[in-house]
Amino acid sequence: MTRERFFIVDAFAHIFRSFYAIRNIDNNAVYGFTMMLRKLIADENPEYLAIAFDTSEPTFRKELYPEYKANRDAMPESLVPQIPLIKEMIEGYNIPMVAMPGFEADDIIGTLAKRAAEQGVQAVIVSGDKDMLQLVQGDDIVMFDPKKGVHYLGEAGIPEFFGCRPNQIIDLLSIWGDSADNIPGVKGVGEKGAKKYLAEYGSLDGIYENLDKITAKRARTGFEEARETIDLTKTLITIRTDLDLTFDKDTYVRKEPDANGLRAFFTRLDFKSLVDATPPKLKRISRDYQLLDTEERLKEVLAEIRDKGFFVFDIETTSLNTIEAELVGMALATEVNQAYYVPLRHEGQDATWSDSAEALLKDVLADTNIIKCAHNAKYDISVLFNLGWDVAGRIEDTMLMSYLINPNEDRHGMDHLAEKLLNYRTIHFDEVAGSGKDMVTFDKVPLDKACNYAAEDADITFQLYDILFPRLKEQDLHRVYDTVERPLIPVLARVENSGVQIDEGYLKTMSAKMAEEIEALEQAIYELAGEEFNIKSTKQLGVILFEKLGLPTVKKTSKTKSYSTDQSVLETLSAKGHALPAKLLEYRMFTKLKSTYVDALPTMICPKTGRVHSSFNQFVAATGRLSSNNPNLQNIPIRTEMGRDIRAAFVPRDGWVFVAADYSQIELRLMAHFSGDDTLVQGFRSGEDIHRRTAGEIMDVDVNLVTDDMRRAAKSINFGLIYGMGEFRLAQELGITRKKAREYMETYFEKMPRVLGFRDEVIEKAREIGEIRTYFGRHRQLPELASRNKNLQAQGERLAVNTLIQGTAAEIIKIAMIRLDEAIREQDLQAKLLLQVHDELVLECPEEEKEVVSRLLGETMEHVVHFEVPLVAEVRTGTNWKETK
DNA sequence: ATCTCATCGTAC
DNA sequence: GACGTACGATGAGATA
């Protein structure tokens, strides 16, 4: 397409069309008009674009003829408020709107089209109104109806459309009149007549000159009667092309839409598809970040930091692994938009500089009078601790703030937060260091690039702090931040740095033994199946079990509705006497343990320390629990004997012992405290078996007469309460009928009514405020409670109860960890906290510290809070983890 | 070759 | 549809 095109849209024509065409959504005209506009831009990609509006002022036509459009109804009530929204939308797209008091959109279109054509730009009138056809001129001014898909109706198409020559359109329309605009035409002359007379006499003037030649009486009378009004009609019909408007390319050239504004606008109007179709456009302002590579400048900035008492820092290293990471540089930010990068050990840097710069930075980091802030501070301080640096004083963490504000969110990374909260696209790591096999370590990144990247990170962290810290206070999350999460950061850094020793030889031996067992099981399974197949493939296994062998289908998987082959299914099949499922269960257990633990753990041993350094993640679990990965040390087996053996591979260093303690029934104790239920409270206070006690209560028998089955039922209900278990699940778990399960639960609540009351109160409060708050003030939003979906609502109710209990338990053990760490350091003990497994802490210490550490551990854990019921920690020691049970 | 999703199973 | 929170191994299919 060689010629530039100027599309002019008649706003109201399309607004009304959308309004009447689209039903059942709010702001239908806004939606329809937006869709039309998007399609127009996408399909036609016009070089120039304008949208013409009518104004509410009287037009010159109304002045000439007061009856003009007098028959029009007022604009529909629901359309009125949509007009400003449409204008807002058009502004968002950066499309010029043109309106002129006294004139109609048609006149604006006529004038602009003519002016554009005069400048050699093709004018395209976006309208379906036949009146506009009078404006069409050769290929210079054409019409386009996006709805009918009539593309470019040019002059050549007019005879076919109207049955007259282009220059006769105005006369033709004048004869017809326009009933919609209340303009009288010529009575007694219809479409056929009008065309016939115009063809015969050339024009209206021609017709009047030859009026006596018209023989049809009605037509002739009509023309006679219209003689006085026809000039006015013609004036009204004629679209003006002489308005005081110019077409200049700069004004009408297509501009970049304001994607962020539009996105917010579409979000506000709940136009989901349009929100998705409008990705945010992110700013990328390059700031002038400074490289600090002289002692003099560095000292100046550090003096400023001391003066302010607050700064943001971010280290650059050679690895994400904190043990292996070498320090390459440090970025500092002293205020928004002011950040620096101190290159310490980039390739080719002078060691004298590195040493002196590091000494200066160390001083500031160790200064307890200066508050530091970082994004994910645990990483930075872990690396620095490993290098022997001290990072002291208050350490703020913007990642932590983000997590506390929205624990349901799983992305708290700086790049993501910068986009979400600052509408800013940061320089990403791979943009400076590459990715995949092209990736270089940060010390190889040129200083100017490194400075831009690193200083920006510090700057962005500063900006996030400015936003998140006030929010933290506003949302009353300051307490949990200050008393639990923030002090935990250095504790976790030390735990991760300590790592734990694994007996590699032991696991290797175990692995070999298991391999033999697995091999034998495989053969037995192939034999029973009658063929070899991939046993680990649930798909293949399903075919063997349920198609080839014709075993009864027990259940289907939830997502794909394929055959389920999980443990409960295999157990059911096994109980029916089939040999294969039993073998499969055994096979599954062996392979699970071998691949997930026995073989995996040795590969995680750090070559540098010879220990396994798992990560303890603070920002993952929505309830406030920690999580562990690389490897996950919070799901090491314990329930089966074979699984438990894996724990024997976790050993203390030579001459040291493990000291471990776990909270006894902490979640149920919290339930007792929160509900104040007498049976539970008394049970825990007296130190008796709580499940036995509740069983006695439910079954109405003496505690001493409670059978194992009765205890098992009570235990299931006790645990189920914490998770919000229903009768279906209880029935399944206990192998009883639903009716029986319901009876148990009803009796439970009758005997322990405050447990039910507590649950209801928690849910009611959560529903009222839309979130749940734990004991220490952590919150978790529960949008499920506001759902109209009953299942989602029920889930919200379970989350409310569970988050309160699980979250509070998590806070209690976190506080224990903080106090323990503090005590160990104060008392100069060598003991090290190694693991946290939700209700258990594992330490190692020299043999001679065993007693003092045991006592310290137990007392610290038990005295975190003083509730209606005591917290009990059971402390054990051993020469491996398995022995501490 | 690398990713994402589904299924399964381990812990508390 | 029915019990909360995690992580990870494996297979299978999509994407590059």
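Conventions we followed
- Residues numbered from 1 in each chain as written.
- Chains lettered and ligands numbered in written order.
- Predicted model: local features only at pLDDT ≥ 70, side-chain atom pairs only at ≥ 80, totals over all residues.
- Heavy atoms only, no water.
- Buried < 20%, exposed > 50% of the residue type's maximum accessible area, 1.4 Å probe, protein only.
- Helix = DSSP H or I, 4+ residues; strand = E, 2+ residues; numbered from the N terminus.
- Pairing = 2+ DSSP bridges.
- Core = buried A, V, L, I, M, F, W, Y, C linked by side-chain atoms within 4.5 Å.
- Contact = heavy atoms within 4.5 Å.
- UniProt positions renumbered as here; feature names shortened; annotations may be inferred.
- Axes fitted to C-alpha atoms, helices over the stretch in contact; angles between N-to-C directions.

## Description of the pairing of strand β1 (residues 5–10)
- In terms of burial, β1 is a largely internal element, 6 of the 6 residues being buried.
- Taking every second residue as pointing to the same face, both faces of β1 are buried, with R5, F7 and V9 on one and F6, I8 and D10 on the other.
- Sheet topology note: the β1/strand β2 (residues 48–52) ladder contains 5 bridges and is parallel. Looking at β2, one finds that V9 is bridged to I51.

## Thoughts on the nonpolar core
- Counting residues in hydrophobic clusters, the biggest one holds 199 residues, and the most contacted among them are L332 and I812.
- Considering each element in turn, this core owes the most residues, 15 residues, to helix α36 (residues 790–826).
- Excluding anything up to four places from it in sequence, I812 contacts Y663, I666, L670, F776, V864, V865, F867 and L871.
- Ranked by size, the runner-up nonpolar core spans 57 residues in total, among them Y48, I109, M132 and I214.

## Some details on the UniProt feature "domain: 3'-5' exonuclease" (unreviewed entry) in chain A
- The UniProt entry lists residues 289–473 under the feature "domain: 3'-5' exonuclease" (unreviewed entry), expressed in the numbering used here.
- Between the end C-alpha atoms of residues 289–473 the distance is 31 Å, and the span holds 48% helix and 17% strand.

## Things to note about the UniProt feature "domain: DNA-directed DNA polymerase family A palm" (unreviewed entry) in chain A
- Feature annotation in UniProt assigns "domain: DNA-directed DNA polymerase family A palm" (unreviewed entry) to the following positions: residues 643–849.
- Along residues 643–849 one finds 61% helix and 14% strand; the C-alpha atoms at either end are 30 Å apart.

## With respect to the sheet that holds strand β17 (residues 656–663)
- With respect to topology, 4 strands assemble into an open sheet ordered β20-β21-β17-β22, the strand pairing being antiparallel. Each edge of the sheet is formed by a strand with only one pairing partner; in this case those strands are β20 (832–836) and β22 (873–878). Here the average twist between neighbouring strands, direction ignored, is 20 degrees.
- Bridge analysis of β20 against strand β21 (residues 840–846) gives 4 bridges, and the strand direction is antiparallel. Pairing of L835 across the sheet is with V842, part of β21.
- Strands β17, β21 and β22 of the sheet are contacted by helix α37 (residues 850–862), whose axis makes an angle of about 20 degrees with β17.

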